[in-house]
Amino acid sequence: MGAIPREIRLTEVRQKALRSLGRLKVRRAVPIMVIALSEEMAGLRKKAAAALGEIAHPAARVGLKGLVNDPDPNVRKTARWALAKLAV
């Protein structure tokens, strides 16, 4: 079996990092997560939105609203969920 391309490995690491930061509610990571909302890869946008929903920081609202019309249905769904968490 061949080696996994470096770009794919880095994407997986970034997704796991976003998930962990969200679960741990690391508020200092919110600015980085907001930047990740504009990533090219849908999986990264989805993980960033989910992490921001877990933290429920008001600074994420504008970025999350921008994903409500994302081309990827999973990203849209996660963004709506995260916005609902901010409303609580």
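Notes on the structure in this doc start here. Computed from a prediction, not measured in an experiment: that's the story for all the values here.

### Some points on the layout of surface pockets
- When its volume is computed, the largest pocket comes out at roughly 170 Å³.
- In terms of lining residues, the largest pocket is bounded by Arg19, Gly22, Arg23, Lys46, Lys47, Ala50, Ala51, Glu54 and Trp81.
- It is helix α3 (residues 42-55) that provides the largest number of residues to the lining of the largest pocket, a total of 5 residues.
- For the lining of the largest pocket, the residue count by class is 3 nonpolar, 1 polar and 5 charged.

### Brief notes about the side chain of Thr11
- Counting through the fold element by element, Thr11 comes out in helix α1 (residues 6-23).
- Not counting the four nearest positions on each side in its chain, Thr11 is found in contact with Met41 and Leu44.

### Remarks on the pattern of salt bridges
- Under the counting rule described, the total for this entry stands at 3 salt bridges.
- One salt bridge in this structure joins Lys25 and Glu54, with 3.5 Å as the shortest N-O distance. With Lys25 in the loop between α1 and α2 (30-36) and Glu54 in helix α3, this residue pair connects regions lying 29 residues apart in the sequence.
- Assessed through its relative accessible area of 31%, Glu54 is described here as partly exposed.

### A short note on the packing of α1 against α3
- Orientation of α1 relative to α3, taken along the N-to-C sense of each, is 10 degrees, at an axis distance of 8 Å. Viewed along their axes, α1 and α3 adopt a mutual orientation that is roughly parallel. Where α1 abuts α3, its residues Thr11, Arg14, Gln15, Leu18, Arg19, Leu21 and Gly22 lie against Gly43, Leu44, Lys47, Ala48, Ala51, Glu54 and Ile55.

### Topic: the nonpolar core
- Residues Leu18, Met33, Leu37, Leu52, Leu64 and Leu67 are the most contacted members of the largest nonpolar core, which totals 20 residues.
- Counting only elements with at least two residues in this core, the list comes to α2, α3 and α5 (73-87).
- The greatest single-element share of this core, amounting to 6 residues, is contributed by α3.
- When residues no more than four places from it in sequence are discounted, the contact partners of Leu52 are Val30, Met33, Val34, Leu37, His57, Ala60 and Leu64.

### What about the environment of Gln15?
- Inspection of the secondary structure puts Gln15 in helix α1.
- Distance from Gln15 to Arg61, taken between C-alpha atoms, is 20 Å for residues 46 residues apart in sequence.
- In this structure, Gln15 is in contact with Gly43, Leu44 and Lys47, ignoring residues within four places of it in sequence.

What counts, and where the lines are drawn
Residues numbered from 1 in each chain as written. Predicted model: local features only at pLDDT ≥ 70, side-chain atom pairs only at ≥ 80, totals over all residues. Heavy atoms only, no water. 1 Å grid on protein atoms, 1.4 Å probe; cavity = no way out; pocket = protein on both sides within 12 Å on 5 of 7 lines; lining within 4 Å. Points joined across faces, edges and corners; volume = space filled by probe spheres on them. Helix = DSSP H or I, 4+ residues; strand = E, 2+ residues; numbered from the N terminus. Nonpolar A, V, L, I, M, F, W, Y, C, P; charged D, E, K, R; others polar. Contact = heavy atoms within 4.5 Å. Salt bridge = Lys/Arg side-chain N within 4 Å of Asp/Glu carboxyl O. Buried < 20%, exposed > 50% of the residue type's maximum accessible area, 1.4 Å probe, protein only. Axes fitted to C-alpha atoms, helices over the stretch in contact; angles between N-to-C directions. Parallel < 35°, antiparallel > 145°, perpendicular 65-115°, else oblique. Core = buried A, V, L, I, M, F, W, Y, C linked by side-chain atoms within 4.5 Å.

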